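# Tertiary structure, described
The chain contents come next:
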Amino acid sequence: MTLFFLLPSRSLVQDLRSRGVSAAATVIGVDSKPKYIRVRLVSSPKAGTEAKLSEYAGMLPETETGASVIVTYDPEAPSRVLTQGWVADPPANLPAYGTSALAVICLGLTTAVIWRRLRILRTLGPEESPAASTGGKEPSDESVRHTKS
């Protein structure tokens with residue numbers, strides 16, 4: 001799960017750092033939650049292109065309609081857009097960190113239960129061997145046959 005939350009965000013940032021183009025953009029639409037933020041590129045070879053800002057770890061920057069922002073976009077895929085600030089210094093990826101913490105907690109608890117179970121099995125094992133409990137005699141086939149019937 002950690003990789004599911006971590007890899008797409010990291011690859012987007014790395015791609016935009018390596019081949020991204022910075023441009024001024026105007027915010028043309030913001031959902032109330034926000035679930036999406038639409039921008040129109042203003043100063044770039046792709047001026048006039050509209051795109052949705054990509055989410056980073058399920059988050060979008062706080063902005064409002066009509067605001068100007070500096071974005072970095074992928075010239076090969078202009079739909080891959082992040083604000084320049086998030087490309088330079090991405091925010092904490094809380095879903096990835098949270099699933100990592102849960103994995104560590106679950107692994108620790110599982111290990112503790114296994115060690116406790118092993119300790120209990122070692123300390124509460126049989127105090128005498130099965131041969132000693134029969135008085136030193138091996139059980140005969142007849143006694144085994146009578147117990148089965």
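Let us look at the structure shown here. (Residues numbered from 1 in each chain as written. Predicted model: local features only at pLDDT ≥ 70, side-chain atom pairs only at ≥ 80, totals over all residues. Heavy atoms only, no water.)

## Examining the overall build of the protein chain
Helices and strands together make up the secondary structure of the protein chain, namely 5 helices and 5 strands. Listing every helix and strand of the protein chain by position from the N terminus yields α-β-β-β-β-β-α-α-α-α. For the protein chain, long-range pairs separated by at least 24 residues make up 61% of all intrachain contacts whose partners lie at least 6 apart in sequence. By element, 59% of the accessible surface of the protein chain is carried by carbon and sulfur atoms, the whole surface being about 10400 Å². (Helix = DSSP H or I, 4+ residues; strand = E, 2+ residues; numbered from the N terminus. Contact = heavy atoms within 4.5 Å. Areas by Shrake-Rupley, 256 points an atom, 1.4 Å probe, with all protein chains shown as cover.)

## Overview of a nonpolar patch on the surface
There is a patch of nonpolar side chains on the surface, built from Leu102, Ile105 and Leu109 and spanning about 310 Å² of accessible area. Here Leu102 shows up in helix 3 (residues 94-123). According to the relative accessible area criterion, Leu102 is exposed, its value standing at 53%. (Patch = residues over 30% accessible without salt bridge, like charges linked within 9 Å, V, L, I, M, F, W, Y side chains within 5 Å. Salt bridge = Lys/Arg side-chain N within 4 Å of Asp/Glu carboxyl O. Buried < 20%, exposed > 50% of the residue type's maximum accessible area, 1.4 Å probe, protein only.)

## Describing the sheet that holds strand 5 (residues 77-83)
Ordered by their spatial adjacency, 5 strands build an open sheet running 3-2-1-4-5, and the pairing between neighbours is antiparallel. If you trace the sheet from one side to the other, it starts and ends with strand 3 (50-52) and strand 5, each paired once. Strand-to-strand twist of the sheet, defined as the mean angle between neighbouring strand axes without regard to direction, takes the value 45°. Of the strand pairs in this sheet, strand 2 (residues 37-41) and strand 3 are connected by 3 bridges, and their pairing is antiparallel. Note on strand 3: the bridge partner recorded for Val39 is Ala51. (Pairing = 2+ DSSP bridges. Axes fitted to C-alpha atoms, helices over the stretch in contact; angles between N-to-C directions.)

## Quick word on the nonpolar core
Formed by 13 residues in total, the largest nonpolar core has its most connected members in Val39, Leu53 and Val71. Where this core is concerned, the elements lending two or more residues are strand 1 (21-30), strand 2 and strand 4 (68-74). Ignoring sequence-local partners within four residues, the contact set of Val39 consists of Ala25, Thr26, Val27, Ile28, Thr49, Glu50, Ala51, Leu53 and Val69. Residues Leu12, Val13, Leu16 and Val87 belong to the second largest nonpolar core, which totals 6 residues. (Core = buried A, V, L, I, M, F, W, Y, C linked by side-chain atoms within 4.5 Å.)

## Digging into the side chain of Thr83
For Thr83, the location among the structural elements is in strand 5. Excluding its chain neighbours within four sequence positions, the residues that come into contact with Thr83 are Leu53, Pro61, Ile70, Val71 and Thr72.

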